[in-house]
Amino acid sequence: MHKITLEAEIDSQRLPCANKVGTGISCGIDSFHALALHADIKMNRHRITHLLFNNTGSHGEGAAAEKLYNERRNRIESFCTQNGFNLIELNLNIKSTFKQNHLLSHTYTSMFSVFCLQKLFSIYYYASGHTINDFTIKDTDIIDPANYDFFLLQSFSTENLKLYSEGACLTRLEKTKEVAKYKPSYNFLNVCVRTSENCGKCEKCRRTLLALDAIGGLDYYSSVFDIDYYKNNKIEYLIFLEA
Ligand SMILES: [Zn+2]
C-alpha cells in the first residue's frame, strides 16, 4: 500500500446521468424486499429500473463457483425477462486480483461497480443484511460492513449518486412478510447457500421455510421449495429453530 497523489485540473461540473434507479438482484429475501417496496413506487424518481448482478465474490472461487454463478445468472435473467427489468451483469476480477474476505468487504467492492455506472444511476438501493439495531463502527476490519453500511453509504453518496441502505429498519421476518406480498417472487425466491436450487436443508433455507410458515406464505413458494417435505418433517425444522 502507498499514498496516492493525483495531479490534474479541477473540474466541478456534474457528470451527465440518465437518472436511472438500481439495486442488486440475487432473488433472495433482501433483494426481493428492495423490489417489493420500490419496483412500483409512485415517485418516478425512486422507481427501480435496472437490476445489477454483480459478481464480487459471493459465489466463492474456482470451477464450482463459476458453475453456481452461471446457474444463478440464468434464474436472474428469466426473472428480469418475465418482469420487465433491465439486467446489468458485472463479472469482476476483483475477487481474484485482490484476495480479501468477501464477507468483510462486500459493501466496498459492490459500490465500486455502482460507481462505474454513475452515468446511469442517480439512485441505488443496497439491500442490507443487518438491521440498524446491529449498527456499530467498532472493529470494522473484522465485522461484516452490513453492520455499518447505513453510515458507509451516506458517506459514499455524492451530488450525482444517492446510495441507500435498503431495509435496515426491518428484521428478516418483517422483510419476508413484504416479499410474500410481491407475486413476482413466487417462482424465483432463492436463498440457498449450498446449491443453485433451494436445498431446503441449509440454514438459510430452513430459516426461510420457517418464516414463510409463520406468516402463512408457505404455499406461494411451492415451485421453489419442497413444501410437502417441509410439512411432513416439520419437527426436524422446529428442532433446528430450538437449537
Ligand atoms: Zn439451502
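This text goes with the structure placed above it.
Remember, predicted model here, so these are calculated numbers, not experimental data.

About the criteria used
- Residues numbered from 1 in each chain as written.
- Predicted model: local features only at pLDDT ≥ 70, side-chain atom pairs only at ≥ 80, totals over all residues.
- Heavy atoms only, no water.
- Patch = residues over 30% accessible without salt bridge, like charges linked within 9 Å, V, L, I, M, F, W, Y side chains within 5 Å.
- Areas by Shrake-Rupley, 256 points an atom, 1.4 Å probe, with all protein chains shown as cover.
- Salt bridge = Lys/Arg side-chain N within 4 Å of Asp/Glu carboxyl O.
- Helix = DSSP H or I, 4+ residues; strand = E, 2+ residues; numbered from the N terminus.
- Buried < 20%, exposed > 50% of the residue type's maximum accessible area, 1.4 Å probe, protein only.
- Polar contact = N/O pair within 3.5 Å; in protein donor to acceptor, adjacent residues only side chain to side chain.
- Contact = heavy atoms within 4.5 Å.
- Pairing = 2+ DSSP bridges.
- Right-handed = clockwise from strand over helix to strand, strands pointing away.
- Arc of directions from axis to C-beta.

On to a nonpolar patch on the surface. On the surface, a nonpolar cluster with roughly 460 Å² of combined accessible area is contributed by Ile-132, Phe-135, Ile-137, Phe-150 and Phe-151. Summarising the element assignment, Ile-137 is placed in the loop between strand S4 (121-127) and helix H5 (149-156). The exposure class of Ile-137 is exposed, given its relative accessible area of 52%.

With that settled, the discussion passes to the side chain of Ser-196. Position of Ser-196 relative to the elements: it lies in the loop between helix H6 (172-179) and helix H7 (203-214). Within the structure, the side chain of Ser-196 is placed 2.9 Å from the side chain of Glu-71, a separation counted as a polar contact. Discounting chain neighbours no more than four positions away, the residues touching Ser-196 are Leu-68, Glu-71, Arg-75 and Asn-190.

Here 4 bridges tie strand S1 (residues 20-24) to S4, and the two strands are oriented parallel to one another. Bridging across to S4, Val-21 finds its partner in Ile-123. Two elements, S1 and strand S2 (residues 50-55), share 3 bridges in a ladder whose sense is parallel. For Gly-24, the partnering residue across the bridge sits in S2 and is Leu-52. On the question of chirality, the crossover connecting S1 to the parallel S2 by way of helix H1 (residues 29-38) is right-handed.

A separate point is H6. The set of residues buried in H6 consists of Lys-175, Thr-176 and Val-179. Projected down its long axis, H6 shows its buried positions confined to an angular sector of 105°, all on one face. Tucked inside the fold, the buried residues of H6 contact H1, strand S5 (162-166) and H7.

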